[in-house]
Amino acid sequence: AAFEAGLSTRLFDRTRDGYVMTQAAENLYDNAVRMEECAQAIDRTAFGRDAELRGPLRVTVPYDFANRLIAPVLPAFRTQYPAIELELLTTTGLMDLSAREADLAIRLTPKPPDYLVGREVLPLRHGVYGTRRCLKATGDGPDVILFRSERTPPEWVRQHFPEARVVLRTDNLSTMHAAAAAGVGLARMPCYEADPDRKLLRLDLELKPSTWGVWLLSHVDLRSTARVRVTREFMAEVILENRALVLGEASRYFDPKS
């Protein structure tokens, strides 16, 4: 309203469904986007020249990955860098590093955006997991748990369990894990998520390797910032120390004779 009053121009039509840009707003839009990008670039440049190991630092990381690998090492990070005020963002949506919604990202992705710099620390490995009772019942066509986005049976189901019954779909890995551990059915999950759970065993199946990896990323303007650099190095070391867990080398396999 203040912007419209200052310009003496109506920028939005108020409708029952929300706001719709007028032609005047459409004409101004590209200029407004450029202004926003310039403001963000100034912010990143100023932050990027910071050479002190102190101050706030926002790290975005998937919720389940944060709980399994990152949270246990936070005391060590605090001891090593007491003046860095770490903020972990574990929302399901992707944070915009260009807008400084986060300074550093741990992302599970097949390919990060081109405007981010970083590296793939480790490839991501998966397995098919279930309770002993569920795994013993696979011969008759097991119950399986899928992600909500998998509206048709994924490759691992088609290849190994063509008679499977889909008993649950979910949009959350933690919920899938909890359901599998409760004996609802079999689920394909990242090894770092399922291997530590003593209720779950992994089937010895040949799965097509995932193209996804564990990436450490930041905006190009922040790559030399001191607290971004040391936090990136610390997180990379933590991930590599958990190599066996991420790669499924610590899996407990199901023995049908047991």
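Participant: Explain the sheet that holds strand S11 (residues 201-202) residue by residue, including any values.
Facilitator: A sheet is described by the order of its strands in space; here five strands give the open sequence S9-S8-S10-S7-S11, paired in mixed fashion. Either end of the sheet is taken by a strand with one partner, and the two such strands are strand S9 (165-170) and S11. Note: strand S8 (residues 143-147) against strand S10 (residues 186-190), two bridges, orientation parallel. Within S10, the position partnered with valine 144 by the bridge is leucine 186.

Participant: Give me the layout of surface pockets: which residues, what numbers.
Facilitator: Considering only enclosed or pocket space, the largest pocket measures out at about 1,300 Å³ in volume. Taken together, 39 residues form the lining of the largest pocket, with Leu108, His126, Phe147, Leu173 and Trp212 sitting closest to its centre. Looking at the lining of the largest pocket, the elements with two or more residues in it are helix H3 (63-70), strand S5 (104-109), S8, helix H6 (155-160), helix H7 (173-181) and S10. Counting residues per element, the lining of the largest pocket draws most heavily on S5, at five residues.

Participant: I'd like a description of H7, backed by residues and values.
Facilitator: Where H7 is concerned, the buried positions are Leu173, Met176, His177, Ala179, Ala180 and Ala181. Its side-chain oxygen at 2.9 Å from the backbone nitrogen of serine 174, asparagine 172 defines the N-terminal cap of H7. The first or second residue beyond H7 is glycine 183, which carries a positive phi of 90 degrees.

Participant: Could you give an account of the side chain of aspartate 195, naming the residues involved and the relevant values?
Facilitator: Within the secondary structure layout, aspartate 195 lies in the loop between helix H8 (191-194) and S11. Once residues within four sequence positions are removed from consideration, aspartate 195 is found in contact with Tyr129, Leu245, Gly248, Ala250 and Ser251.

Participant: Before we move on, can you summarise the pairing of strand S3 (residues 55-60) with the specific residues and values?
Facilitator: With six bridges joining them, S3 and strand S4 (residues 84-89) adopt parallel strand pairing. In the strand pairing of S4, threonine 60 is matched with leucine 89. When S3 meets S5, the two strands line up parallel, connected through two bridges. By the bridge assignment, valine 59 is partnered in S5 with leucine 104.

Participant: Describe in detail the sheet that holds strand S12 (residues 213-219), supporting the description with residues and values.
Facilitator: Read across the open sheet, the five strands follow the order S4-S3-S5-S12-S6; overall the sheet is mixed. Edge strands, defined here as strands with exactly one partner in the open sheet, are S4 and strand S6 (116-123). Averaged over all pairs of adjacent strands, the angle between their axes in this sheet comes to 20 degrees, without regard to strand direction. Where S5 lies against S12, five bridges are found, and the strand directions are antiparallel. Within S12, the residue paired with isoleucine 106 across the bridge is leucine 216.

The rules behind these values
- Residues numbered from 1 in each chain as written.
- Predicted model: local features only at pLDDT ≥ 70, side-chain atom pairs only at ≥ 80, totals over all residues.
- Heavy atoms only, no water.
- Pairing = 2+ DSSP bridges.
- Helix = DSSP H or I, 4+ residues; strand = E, 2+ residues; numbered from the N terminus.
- 1 Å grid on protein atoms, 1.4 Å probe; cavity = no way out; pocket = protein on both sides within 12 Å on 5 of 7 lines; lining within 4 Å.
- Points joined across faces, edges and corners; volume = space filled by probe spheres on them.
- Buried < 20%, exposed > 50% of the residue type's maximum accessible area, 1.4 Å probe, protein only.
- Polar contact = N/O pair within 3.5 Å; in protein donor to acceptor, adjacent residues only side chain to side chain.
- Contact = heavy atoms within 4.5 Å.
- Axes fitted to C-alpha atoms, helices over the stretch in contact; angles between N-to-C directions.

This is a description of form; function is not addressed.
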